[in-house]
Structures are given as C-alpha cells and as structure tokens.
Amino acid sequence: MRNRFSKQGGWFKVKAGKATGWVHMLSVRKGDAKKGADNASGLLALSSGRAGTGKVVATTGVRGLNEEELKAATFNEAELQRAEANASSKADAATFAKQGKLVARPFDYLPAK
Amino acid sequence: MNRVGRWVATQSERPDLPWHFGVIQSEDMNAFAAPGGYIFITLGLYRTFQGEADLAGVLGHEVGHVIRQHHLKILQQSKLVDAGSKALSKSVGGNDKVQQLIGSGAEIVARGLDKDAEFEADRIGVVLATRAGYDAYGLPSVLQQIGHAAKDDNRVALLFKTHPLPEDRLNKIDAAMGDRFDRVKGLTLEKRLLKVKK
C-alpha cells in the first residue's frame, strides 16, 4: 500500500486514472500474494475488493524464530537488566504523549461479535 | 517503545503493573507478552509500522493478553503446571527454577494462545490505542501488512501457526468495530516513529 496509496486513519486514498477517492481500509482485502505480479494487477485487484496482490516480494531464506529455537531459550540476565533499565514511568510516558499532542479519552471495550 | 507502551498500558485497568517493552533482534514478524507486563516486538514486525499509532495498536494487543491473563489460563488448562510443580518439588536450584519457567513460557509462545484470546486482544488493542489518543486503525493496518506476507515466508511462519490468520482477525475486528469509530479522530504520528535501518 505504501507506494501506491496514501493512508489517513482508517482510509486509503486511491487513484484510478484521473479519479481519486477514499476506500475504508477494512473494506480492502488481500488476495494471495504472488511473486512478481505487477502494479496494474494490484490495482485491478483493489477495484474488485482484493487489494495487496503483487505488493509483496516473498523473501525466502530469511530465518525466523522457530519452535526449536524458542524451546532452547536460556535465561540472559544482562538482557533482562537492559529491559528493566529502559522502563518508562507513568509520568515520563504522559510527558511523551503530551509532546505528541496525544490526549487520553474514555472509550468502552468492544463486545465480542 | 517504553514510553508509547506505558502510555497505552496506562489506559488499561492495570496502569501500575511494572510494564516493560522491548525489541527482539529478529527479522521474524511477531510480538510476545508474558505475565507481569513484559512485552516484546520483533524488529521484523516493527519494520512494518508506518506510524506510532501502529506501534500503539500492537502494544495494546499485547497489553490485552496481560490484563486478561490469557497465558495463565493456558497454563492452568495444560499440563505445563504439573510439569512445573514437579520440577520445583525436586528442590532444584534457583537457576533451574528460572530455566523451568522460561521453558514453560517458550512452550506457550510456540503453541500459541487460543483463538478467542487473540480476537479479544485485538479488540482491546484497538480500544487502548483509541483511549491513548491514537488513530484506532493502527492494529488493523499492521494486520493488513502481515496479511500481505506470502504464506511460505519464513518470517511469519510462527505467527501464522500460533495466531488466527490476519484475514480472519480483520474480519472479526471489522465486525466488532462497526461504526463506533466513525467519528473518532486520532493521531497516527507517522513522523515521530523511530525508523530502524536495515
């Protein structure tokens, strides 16, 4: 999405020829990612409600975390201490929020559907 | 990350837990929470974020697991508790106890929580980010980004194994959000997000 569409909140700005418009992001769904598909097919997919096709080049060979690695995890005191040292206080967090003009507000939890 | 995480967690009913947030140096895309308020995001997942609101939404999801004690429920349901208590009753040394706990934690991470716990954490993540003043769609945006990864991409293998697929999660959160957020404005803070170089 990054290159072809701009995004504002929950909305994607989309262009098709000379026309521009806004599509709600939750109305946009991906198709299966295919290697090497071009942008035109991606745009076509968006218009049919199947966005994202062709956007991602699959990276094979990148090793991720796997179960064996997780089960072989060992305690690392130095890293834990680093994590502890980086903790933020509520006051520190509130100051940072204020710098970003973030204002806390009430909002009810969502019921399960 | 700690400032954003703490601000988001402060909007929950457990603002005073000793919250800790960190990054795991892995190109895998995943995020983890542990009971007590330890939350970690992989570098690979962080790279998908386009603004601070995305980070806030993901941290809100993990905060959701902690405040609803999802891990403890899994521990209680599984044999992990038995295994843990047996090991402890053998009066093992301190390091062995810690290692036992790490083993149980890693086991949970590898197995994953149940699907409903993930859907619930998604709903909480969206709400906590909104309460914190962020745009509500950070977490859904990240789910879309993850959903773009090919199913054979190693970086999402564990995530897809332990979580419902992004498509299902987007459908659920879409239904739960409905029109509740239509008039709710929030900040995405794209420029403030720290970019991490390759």
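Here is what the cut-offs are and how they apply
- Residues numbered from 1 in each chain as written.
- Chains lettered and ligands numbered in written order.
- Predicted model: local features only at pLDDT ≥ 70, side-chain atom pairs only at ≥ 80, totals over all residues.
- Heavy atoms only, no water.
- Helix = DSSP H or I, 4+ residues; strand = E, 2+ residues; numbered from the N terminus.
- Buried < 20%, exposed > 50% of the residue type's maximum accessible area, 1.4 Å probe, protein only.
- Contact = heavy atoms within 4.5 Å.
- Salt bridge = Lys/Arg side-chain N within 4 Å of Asp/Glu carboxyl O.
- Buried area = accessible area lost by both parts, 1.4 Å probe.
- Nonpolar A, V, L, I, M, F, W, Y, C, P; charged D, E, K, R; others polar.
- Core = buried A, V, L, I, M, F, W, Y, C linked by side-chain atoms within 4.5 Å.
- Pairing = 2+ DSSP bridges.
- Axes fitted to C-alpha atoms, helices over the stretch in contact; angles between N-to-C directions.
- pLDDT = per-residue confidence, 0-100.
- Phe/Tyr/Trp six-rings, centres within 6.5 Å; stacked < 30°, edge-to-face > 60°.
- Lys NZ or Arg CZ within 6 Å of the ring centre and 35° of its normal.

1. Some thoughts on the overall build of chain A
When helices and strands are tallied, chain A shows four helices and five strands. Walking chain A from its N terminus toward its C terminus, one meets helices and strands in the order β-β-β-β-α-β-α-α-α. Counting the 113 residues in chain A, one finds 29% classified as buried. Restricting to contacts in chain A with at least 6 residues of sequence separation, those with at least 24 account for 24%.

2. As for the pattern of salt bridges
Residues and elements named next belong to chain B. Here the structure, examined in full by the defined rule, presents nine salt bridges over all chains. Here E13 and R68 are joined by a salt bridge, their closest N and O atoms 3.7 Å apart. Here the residue E13 occupies a position in the loop between α1 (2–10) and β1 (20–24), and R68 occupies one in the loop between α3 (52–67) and α4 (70–77), the gap between them amounting to 55 residues. For E13, a relative accessible area of 43% translates into the label partly exposed. Each of E13, R68 and E120 takes part in salt bridges that share partners, so that together they form one network.

3. Observations regarding the interface of chain B and chain A
Facing the 77 residues of chain B at the interface are 58 residues of chain A. Carbon and sulfur atoms supply 58% of the area that chain B and chain A bury against each other, a total of about 5900 Å² over both sides. Of all residues in chain B, the largest losses of buried area upon contact with chain A belong to R3(B), R131(B) and H148(B), amounting jointly to 12% of the total for that side. Between the two partners, chain B and chain A, sit two salt bridges. Between R3(B) and D92(A) there is a salt bridge; the shortest N-O distance is 3.3 Å. Within the residue set of the side of chain B that touches chain A, elements represented by two or more residues are α1, β3 (38–42), α3, α6 (94–111), α7 (115–131), α8 (138–148), α9 (157–162) and α10 (166–177) of chain B. Partitioning the side of chain B that touches chain A into residue classes produces 30 nonpolar, 21 polar and 26 charged.

4. Describing the nonpolar core
Within the largest apolar cluster, 58 residues are counted, with the highest numbers of intra-cluster contacts made by W19(B), I41(B), L45(B), F49(B), Y134(B) and M177(B). If you tally residues by element for this core, the top one is α3(B), at eight residues. For W19(B), the contacting residues outside a window of four places in its chain are A87(A), R6(B), A9(B), S12(B), R14(B), G37(B), I39(B), V63(B), V66(B) and I67(B). One finds L70(A), F32(B), A110(B) and L158(B) within the second-largest nonpolar core, a separate group that totals six residues.

5. Considerations on the sheet that holds β1(B)
Residues and elements named next belong to chain B. Taken together, three strands build an open sheet; the order of strands is β1-β3-β2 and the sheet is mixed. Of all the strands in the sheet, just β1 and β2 (31–34) have a single pairing partner and so form its edges. Taking each pair of neighbouring strands and ignoring which way they run, the sheet shows an average axis angle of 20 degrees. Bridging between β1 and β3 involves five bridges; their strand directions are parallel.

6. Quick notes on the environment of V4(B)
Relative to the helices and strands, V4(B) resides in helix α1. Overall, V4(B) belongs to the buried group, its relative accessible area being 4%. When the C-alpha atoms of V4(B) and F21(B) are compared, they prove to be 9.2 Å apart, with 17 residues separating the residues in sequence. With residues up to four places along the chain from it excluded, the contact list for V4(B) reads F96(A), E52(B), L55(B), A56(B), L59(B) and Y134(B).

7. Points about the confidence of the model for chain A
Detailed reading of the predicted model is not advised wherever pLDDT is low. Residue and element names in this part refer to chain A. With 59% of its residues at a pLDDT of 70 or more, chain A has an overall mean of 69. The least confident element of chain A is strand β5 (residues 50–51), whose mean pLDDT is 37; the most confident is helix α4 (residues 90–99), at 98. This stretch, residues 32–62, has a pLDDT under 50; its non-local contacts, to residues over four places away or in other chains, come to 51 contacts.

8. Here's the deal with the packing of aromatic side chains
For the coordinates displayed, the defined rule picks out three aromatic pairs over all chains. Arranged with centres 6.2 Å apart and planes meeting at 15 degrees, the rings of W19(B) and F21(B) form a pair that is stacked. Here F21(B) falls in the buried class, since its relative accessible area comes to 3%. We note R68(B) situated over the ring of Y109(A); from NZ or CZ to the ring centre the distance is 4.9 Å. K172(B) extends its terminal NZ or CZ atom over the ring of F119(B), reaching a point 5.0 Å from the ring centre.

9. Quick notes on the pairing of β2(B)
Of the pairings in the sheet, the one linking β2(B) to β3(B) comprises four bridges and is antiparallel in character. Among the inter-strand pairings, A31(B) is bridged to a residue of β3(B), identified as I41(B).

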